[in-house]
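Chain by chain, the residues:
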Amino acid sequence: MKYTLLAAALLLSIPAAHADGHPRFVANVGYASINNKGDTVVPVQLDTSWPAGTEVENSDDGGAATLGLSWYVTRDIALELWGATRSDNDIEIDVENAPDVHVARYSTRPLALSVQYHFNDAFSVAGRPVVPFVGLGYHRTAVSGVSGTVAVPGFAGLEIDDGSGLAATAGVDVNLGNHWFVRGDVRYLQWDTESTVGGRRLATADMDTLTYGASIGVRFWSRPPAAGLRAG
């Protein structure tokens, strides 16, 4: 019985939290640099048969379009679903005075659900409200487009697992009015993955993904904001 009353109280509090004209839904679209700075998921060992000066290059600084959808439980607390399109990662052997040798290629695509706290009325810049926020939640990162080369022994038939883990966010919104705003954010995605070839494990990697994003967003109000209300 007490859980039923608690749920009813929560549901009744949601419209009340928006009765003074605060936004209910927010959507923002943008672009993010996605950097996988954890362990190397595809280890490459160079033997003495390679020319002097040969190095392994990891290109893991891809970019992706992003979409965020938020539902405000209160003026300050929001639930956000955030995702990015595919970001490509390449591993190559850089040979001096010769073409690079492709070793492996894979793509990542994260999707995160988090709870955010927005510090409304914190401060302003040039008369415009600036709203910092932090968030914590859970993400799942899908790995696709995995390919290994036959030019380097041991990487043909490469597979890399999906992963999931902690998602943390920090950012700031600069309001352009009651409806529009621009956002900058940094996200940390912690996850583990494993690479295999023919069922044989190559490596277990701790992936520390950092994203640096910029976006533009729009608010959808439960009711028009009151006159003179500073949108948050």
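Here, every reference points to the structure presented above.
Here the structure is a predicted model, which is why all the values come from computation and not from measurement.

K.L.:
Tell me about the pattern of salt bridges, and name the residues and values.
P.N.:
Taken as a whole and assessed by the stated rule, the structure comprises eight salt bridges. Across the salt bridge formed by Glu 80 and Arg 187, the nearest N and O atoms sit 3.1 Å from each other. With a gap of 107 residues between them, Glu 80 in strand E4 (residues 77-84) and Arg 187 in strand E11 (residues 180-197) connect regions that are remote in the sequence. For the pair Glu 80 and Arg 187, a shared accessibility class is recorded, and that class is buried. Residues Asp 162 and Arg 140 are paired through a salt bridge, measuring 3.7 Å at the closest nitrogen-oxygen approach. In this pair, Asp 162 is assigned in the loop between strand E9 (158-160) and strand E10 (163-175) and Arg 140 in strand E8 (residues 128-148), connecting sequence segments 22 residues apart. Bridged by salt links that share partners, the residues Glu 80, Asp 173, Arg 183, Asp 185 and Arg 187 form one connected network.

K.L.:
Hey, could you go over the nonpolar core for me, with residue numbers and the actual values?
P.N.:
In a soluble, globular protein the nonpolar side chains are often hidden away together inside. Of all hydrophobic cores here, the largest spans 26 residues; its most connected members are Val 41, Val 42, Ile 93, Val 103, Tyr 106 and Ile 160. Secondary structure elements with two or more residues in this core: E4, strand E5 (87-94), strand E6 (101-118), E9, E11 and strand E12 (200-221). Counting residues per element, this core draws most heavily on E6, at five residues.

K.L.:
Explain a negative patch on the surface to me, using residue names and the numbers behind them.
P.N.:
On the surface, a cluster of negative charge is made up of Glu 55, Glu 57, Glu 96 and Asp 100. Take Glu 55: it is sitting in strand E2 (residues 55-59).

K.L.:
Provide a residue-level description of the environment of Ser 107, including the pertinent values.
P.N.:
Position of Ser 107 among the secondary structure elements: in strand E6. Overall, Ser 107 belongs to the buried group, its relative accessible area being 4%. As a C-alpha pair, Ser 107 and Ile 160 span 53 residues in sequence and 9.9 Å in three-dimensional space. Not counting residues up to four positions away in its chain, the partners in contact with Ser 107 are Arg 86, Ser 87, Asp 88, Asn 89, Ala 142, Val 143 and Ser 144. Only 2.6 Å separates the side chain of Ser 107 from the side chain of Asp 88, close enough to count as a polar contact.

K.L.:
Explain the side chain of Thr 196 to me, and be specific about the residues and the numbers.
P.N.:
For Thr 196, the position within the fold is in strand E11. Discounting residues that sit within four places of it in the chain, Thr 196 has contacts with Gly 157, Leu 158, Glu 159, Arg 201 and Leu 202.

K.L.:
Hey, could you go over a nonpolar patch on the surface for me, with residue numbers and the actual values?
P.N.:
A surface patch of nonpolar side chains, amounting to about 880 Å² of accessible area, comprises Val 29, Leu 67, Leu 69, Leu 81, Leu 111, Leu 113, Leu 176, Trp 180, Val 182 and Ile 216. Going through the elements one at a time, strand E3 (61-72), E6 and E11 are the ones with two or more residues in the nonpolar patch. Position of Leu 176 relative to the elements: it lies in the loop between E10 and E11.

Calculation criteria
Here the residue numbers are simple positions, counted from 1 along each chain's written sequence. Only residues with pLDDT of at least 70 are given local features in this predicted model, and only at 80 or more are side-chain atom pairs given and counted; all residues enter the totals for whole chains, interfaces and linings. Hydrogens and waters are ignored; side-chain quantities use all the structure's heavy atoms. In what follows, salt bridge is the name for a side-chain nitrogen of Lys or Arg lying within 4 Å of a carboxyl oxygen of Asp or Glu. Numbering of helices and strands starts at the N terminus; helices are DSSP runs of H or I of at least 4 residues and strands are runs of E of at least 2. Each residue is placed in one exposure class: buried if its accessible area under a 1.4 Å probe, protein chains only, is under 20% of its type's maximum, exposed if it is over 50%, and partly exposed if it falls in between. Put simply, buried Ala, Val, Leu, Ile, Met, Phe, Trp, Tyr and Cys residues joined by side-chain atoms within 4.5 Å make one nonpolar core. For patches, a residue must show more than 30% relative accessible area and have no salt bridge; joins then use 9 Å for like charges and 5 Å for nonpolar side chains, namely Val, Leu, Ile, Met, Phe, Trp and Tyr. Note on areas: Shrake-Rupley, 1.4 Å probe, and residue coverage restricted to the protein chains presented here. Charged residues are defined narrowly, with Lys and Arg counted positive, Asp and Glu counted negative, and His plus the chain ends left uncounted. A charge is said to be at NZ when it belongs to Lys, at CZ for Arg, at CG for Asp and at CD for Glu. Contact between two residues is taken to exist if any of their heavy atoms lie within 4.5 Å; hydrogens are not considered. Within 3.5 Å is the distance limit for a polar contact, defined as a pair of N or O atoms, with the added protein rule that one can donate a hydrogen and the other accept it, and that residues adjacent in sequence qualify only through two side-chain atoms.

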